[in-house]
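Next come the chains, spelled out residue by residue.
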Amino acid sequence: MPDPIIRTTNVAMLFKLESSENVDAAPTAADAFPFEEDGYSYNSPFASEDSNEANGSLVGAAPMVVGKPAEITIRCRLKGIGGSTPYSASVKPPHHALLSASGLRGLFTAAVAAAALTAGSTSSATLGAGFSSTAQAYRGMPLVISGGPGAGQTPFITDYSAAKVATLSDTMPLLTTSTLAGIPDNWTYAGTSPQDVAARATDHPSGTLYLYEDGTLLKFTGCRGTIQDISVDTAKPGFVTFKLMGVFAGKTDAAIPSGLAVPGHSAPILAQGLGGLDPAFLVNRLPLPVASLSLKLESALESPDDPNTAYGFSSAQIGERVPMLTCDPLATTVAVRNTLSQIAAFAQYPGLVRCGSAARNRWAATMPLLQPVESTPGARGQFRSEQMSLRILPPSARDPQSRDNEIVICFY
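Residues numbered from 1 in each chain as written. Predicted model: local features only at pLDDT ≥ 70, side-chain atom pairs only at ≥ 80, totals over all residues. Heavy atoms only, no water.

S.K.: Just to check I follow, could you spell out the overall build of the chain for this structure?
M.R.: Within the chain one finds 3 helices and 27 strands. A compact globule built from 412 residues would reach a C-alpha radius of gyration of about 22 Å, and the chain, at 24 Å, matches this within 12%. Within the span of the chain, comprising 412 residues, buried residues form 49% of the whole. Put simply, of all contacts in the chain between residues at least 6 apart along the chain, 71% involve residues at least 24 apart. For the chain, the computed accessible surface area is about 18100 Å², with 54% contributed by carbon and sulfur atoms. In the chain, 28 side chains carry a positive charge and 34 a negative one; their mean positions are 9 Å apart. (Helix = DSSP H or I, 4+ residues; strand = E, 2+ residues; numbered from the N terminus. Rg over C-alpha atoms; globule rule 2.2 N^0.38 Å. Buried < 20%, exposed > 50% of the residue type's maximum accessible area, 1.4 Å probe, protein only. Contact = heavy atoms within 4.5 Å. Areas by Shrake-Rupley, 256 points an atom, 1.4 Å probe, with all protein chains shown as cover. Lys, Arg positive; Asp, Glu negative; His and termini not counted. Charge placed at Lys NZ, Arg CZ, Asp CG, Glu CD.)

S.K.: Would you explain the pairing of strand 23 (residues 324–327) in this entry?
M.R.: Looking down a regular strand, the side chains alternate between one sheet face and the other. Judged from the 4 bridges that link them, strand 20 (residues 292–296) and strand 23 form a sheet pairing that is antiparallel. By the bridge assignment for strand 23, Ser294 is matched with Thr326. Relative to strand 26 (residues 383–392), strand 23 runs antiparallel, the two being bridged by 4 bridges. What sits directly across from Met324, in strand 26, is Arg391. (Pairing = 2+ DSSP bridges.)

S.K.: Can you help me understand the packing of aromatic side chains in this one?
M.R.: In this description, a pair of aromatic rings is defined by centroid distance and the angle of the planes. Per the stated rule, a full pass over the model turns up 13 aromatic pairs. Each ring, one from Tyr138 and one from Tyr160, has its centre 5.0 Å from the other, and the planes form 70°; the classification is edge-to-face. Highlighted residues: Tyr138 in the loop between strand 9 (124–126) and strand 10 (144–147) and Tyr160 in strand 11 (residues 157–160), separated in sequence by 22 residues. Residue class for Tyr138 comes out buried when judged on its relative accessible area of 6%. (Phe/Tyr/Trp six-rings, centres within 6.5 Å; stacked < 30°, edge-to-face > 60°.)

S.K.: Help me understand the pattern of salt bridges in this model?
M.R.: Close approach of charged atoms allows side chains with opposite charge to pair. Tallied over the full model, the rule gives 15 salt bridges. Across the salt bridge formed by Asp185 and Arg360, the nearest N and O atoms sit 2.9 Å from each other. Placement of Asp185 in the loop between strand 13 (180–183) and strand 14 (186–192) and of Arg360 in the loop between strand 24 (349–355) and strand 25 (363–380) is noted, with a sequence separation of 175 residues between them. Residue classification places Asp185 among the buried residues on the basis of a relative accessible area of 10%. Take Arg360: its relative accessible area is 17%, and that puts it in the buried class. The partner of Lys296 in a salt bridge is Asp229, with the nearest N and O atoms 3.4 Å apart. Placement of the pair is Lys296 in strand 20 and Asp229 in strand 16 (residues 216–233), with a sequence separation of 67 residues. On the basis of relative accessibility, which here comes to 36%, the residue Lys296 falls in the partly exposed class. Several salt bridges converge on common partners, so that one network encompasses Arg321, Arg398, Asp404 and Glu406. (Salt bridge = Lys/Arg side-chain N within 4 Å of Asp/Glu carboxyl O.)

S.K.: Honestly, the pairing of strand 24 in this entry has me stumped. Any pointers?
M.R.: Counting buried positions along strand 24 yields 7 of 7 residues, so the element is predominantly enclosed. Where strand 18 (residues 281–283) lies against strand 24, 3 bridges are found, and the strand directions are antiparallel. By the bridge assignment, Val283 is partnered in strand 24 with Gly351. Taken together, the 6 bridges between strand 24 and strand 25 define a ladder with antiparallel strand orientation. By the bridge assignment for strand 25, Leu352 is matched with Thr366.

Honestly, it's all geometry; don't read function into it.
Written out as structure tokens, the structure reads:
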């Protein structure tokens, strides 16, 4: 019998957060997640370096074999749980564990029933009965307008005060006390800056990855990650690329587990949709006609040298991040959009990416504070475009979970 050939299309991954760093969390079929079968890669735990030892010959001496930290890249389509089951503390988006191990702390928020506003404007809503009076309790969450002025629209909350004033991502019709607004059940994820050692366990947990490839199993422990990129093309789903670093924990022969809990529904796309009232991409409350956009959340990620480990490197640690938004809107007149003037004035304003219209298979990324830093002329077909780069900045106040909130990713 010839040697079995490993087919990379017969593959599955399981990822589970660890209760103790670098201790195998033993993921099961329930910890499977969807990813692109041609969108993953991993490295060997060993490398070689040439030796300069003299051996009385022109033939090189035996090389030095050195260890390396494990690096795994995984590309996934962003989507929600789908179906009719509400989100809850235990019903989470498909990539919850990967997002958590990438330094984005998750928060479940139960639905808040629609209630009449106590005041409103074209960019804010003062929420009524049933809503929290804790500042930033709802930042990055959708506000569903179900009655009165604005009915049918779902702006996102970019700022929220203790007086229940929600600043909105969209320019709305004048909201009044006839407007009814509620919040659907949702999970939000936002970056953190742990203030002490104890906070790291909650804010930057590690995880165990099992990678099954056609009859083999590779294990990686002590994994932490970074989101290298969230990229979205118009009328297509969004893709997130995770980079994990950790410790290689061995390779064995093993069958892919049965009963994998992998959601099989389609991912939502970047389009306003038929009859939709909510623009899919907004910068400074202005819909932008783009072909593509990219959110770079990439944090510094390093595995410290440590000789007291199998390969000389310990669990990965998450460091500083400098997030950016890039996009390519079609150019327009100065009266409509003057990016160069905004750059010169150090302007700052909110932004929003919104994908999907089906409940519990929608996601959005709220950026409360963007600052344009670059505008380069480009072309799309026969049209002039503008290659824009915007720094994503943290707002002045964190949320009640001490999350920084420079980007809030919401599944709702």
